[in-house]
Amino acid sequence: MPKMYKHILITGGAGFIGSTIALKLVAQGCTITVLDCLTEQIHGKNPDNSELYNRIKGKVNFICGTVTSWEDWQKALQGQDAVIHLAAETGTGQSMYEIEKYCGTNIGGTALLLDILANGKTPIKKVIVAESRAIYGEGAYFCEDCGTVYPLARKESDMIGGDFAVKCPNCGKNVTLAATDESSKIHPTSVYGITKQVQGQLVHCVCRAIGIPSVSFRYQNVYGPGQSLKNPYTGILSIFSNSLRQNHDINIFEDGTESRDFVYIDDVADATILAIENEQCAYKAFNIGTGISVDVMTVAKYLKEFYKSESEIHVSGNFRLGDIRHNYADISLAREILGYEPKFTFKQGLKKFCEWVLTQPIEKDMYKKSLEEMKEKGLYK
């Protein structure tokens, strides 16, 4: 029921989050245009066989193009009221050795959009951009001596010795996880996180200067039906599911107690849509999660049981440089201004995800190959 914003462009709208938002907005009577390059890593060699692409096919105005093309942007922006800019290269690990690719798409593509908005005449009246919780790095912790602190990336020498704990950046003591709010220190530990930080900063800086309201979302670990099962670089639920269905053993990094704030796809889409008509959220950034952390071992055990897999779960002590230890979001700002409230508990959402996975073909397990790539670059230990 958006009133001011009937015509909306979604970049990356054939992706997991984008397609979900697109279908919800179509159901509300909006006319949606999608700009997406249908990358092979997400959609496979033949996009016509991609479930994500087929979800929106025929329901939106689709432009096969890239955000790194001026011409594609010009075409896609015509007649639009708002832009939801989701198109990006994703994957913390992969970003550490495909630096130009991540910077070119995530930062360069956003710069092109803003260049057009600043120098041309477009009907755009709002810009929404996806940042990421990755911009916080390790996020907020509590030190009994120093209070709230924002630790640096963990030392490789500590992790090689099996010490995966997060340390106080001031006194060096082990610290306790706290909720990370939007005012927390921004210091990403991966190239991906840096690009998402810059995306958000560029959008807010330029849009404020030219008088176009902007909103950014720091999504936590998004999961649910439609998540790519082909991409071995991101999404542990998909990666584990693909391996478990083939009875391949699961390698749990570090000690298995590392944790994430998993947020269901419908909650993410609903939160994003809430910002379209809300004029109070201009130039603000919002955490979108559940405010609860779940450890990786719990996830792996649940998935193994659900799929009745014969896989073994091994806690290897391996680790990837750039990975964070824990996180969970403080979502009070989104509650207060957007009226956001997550509707799905992790168990409810995970059950829906697993039931959907069982309806999908089993994809070739490329996870080991992705780790070998990182090992060759000295990023996987």
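Look up a bit, the structure's there.
Thresholds, definitions, all that
All residue numbers refer to position in the chain's written sequence, counted from 1. Since the coordinates come from a predicted model, pLDDT governs what is reported: local features require at least 70, and pairs of side-chain atoms require 80 or more to be given and counted, while whole-chain, interface and lining totals use all residues. Where side-chain values are given, they derive from all heavy atoms of the structure, hydrogens and water being excluded. A run of H or I in DSSP counts as a helix once it spans at least four residues, and a run of E counts as a strand once it spans at least two, with each numbered from the N terminus. Only C-alpha atoms enter the radius of gyration, while the globule expectation follows 2.2 Å times N to the 0.38, with N the number of residues. Burial status follows relative accessibility: with a 1.4 Å probe on protein chains alone, a residue under 20% of its type maximum counts as buried, one over 50% as exposed, and anything between as partly exposed. A residue counts as positive if it is Lys or Arg and as negative if it is Asp or Glu; His and the chain ends are not included. Charged side chains are reduced to one point each, which is NZ for Lys, CZ for Arg, CG for Asp and CD for Glu. Any pair of nitrogen or oxygen atoms within 3.5 Å is treated as a polar contact; in protein, a donor-acceptor pairing is required on top of that, and neighbouring residues in sequence qualify only through side-chain atoms on both sides. One side-chain nitrogen of Lys or Arg within 4 Å of one carboxyl oxygen of Asp or Glu is enough to make a salt bridge. Here a residue-residue contact requires only that any non-hydrogen atoms of the pair lie within 4.5 Å. Pairing between strands is defined by DSSP: at least two bridges between them are needed.

Novice: Would you take a moment to explain the overall build of the protein chain for this structure?
Specialist: Assigned secondary structure in the protein chain consists of 14 helices and 16 strands. Relative to a compact globule of 381 residues, whose C-alpha radius of gyration would be 21 Å, the protein chain shows 20 Å and is just as compact. The C-alpha extent of the protein chain, read off along each of the three principal axes, is 60 × 50 × 40 Å. Expressed as a percentage of the 381 residues in the protein chain, the buried residues total 55%. Positive and negative side-chain charges of the protein chain, numbering 41 and 44 respectively, have mean locations separated by a distance of 3 Å.

Novice: Can you help me understand the side chain of Lys126 in this one?
Specialist: Looking at the secondary structure, you find Lys126 in strand β5 (residues 126–130). Within polar-contact distance, the side chain of Lys126 engages the backbone oxygen of Ile276 at 3.0 Å.

Novice: What exactly am I supposed to notice about the pattern of salt bridges here?
Specialist: Note that side chains of opposite charge can pair when their charged atoms are close. Throughout the structure, instances matching the rule amount to 22 salt bridges. Between Lys125 and Asp81 there is a salt bridge, and its shortest N-O distance comes to 3.1 Å. Of this pair, Lys125 sits in the loop between α6 (99–119) and β5 while Asp81 sits in the loop between α4 (70–77) and β4 (82–85); the two residues are 44 residues apart in sequence, bridging distant segments of the chain. What makes Lys125 partly exposed here is its relative accessible area of 35%. Three or more residues joined by partner-sharing salt bridges are found here, namely Glu138, Arg154, Glu254, Asp255, Glu258 and Arg325.

Novice: What should I look at first to understand the side chain of Ser184 in this one?
Specialist: Relative to the helices and strands, Ser184 is located in the loop between β8 (176–177) and α8 (191–210). Reaching out from Ser184, the side chain makes a polar contact with the backbone oxygen of Asp181 at a distance of 2.9 Å. For Ser184, the residues in contact, after removing those within four places along its chain, are Tyr136, Ala140 and Tyr150.

Novice: For this particular structure, what's the right way to read the sheet that holds strand β6 (residues 141–143)?
Specialist: Strand order in the open sheet formed by 3 strands is β7-β6-β8, with antiparallel pairing between adjacent strands. Pairing within the sheet leaves two strands with one partner each, and these edge strands are β7 (147–149) and β8. Pairing analysis gives 3 bridges linking β6 to β7, with the strands arranged antiparallel. Bridge pairing links Tyr141 to Val149 in β7.

Remember, this is a structural readout, not a statement about activity or role.
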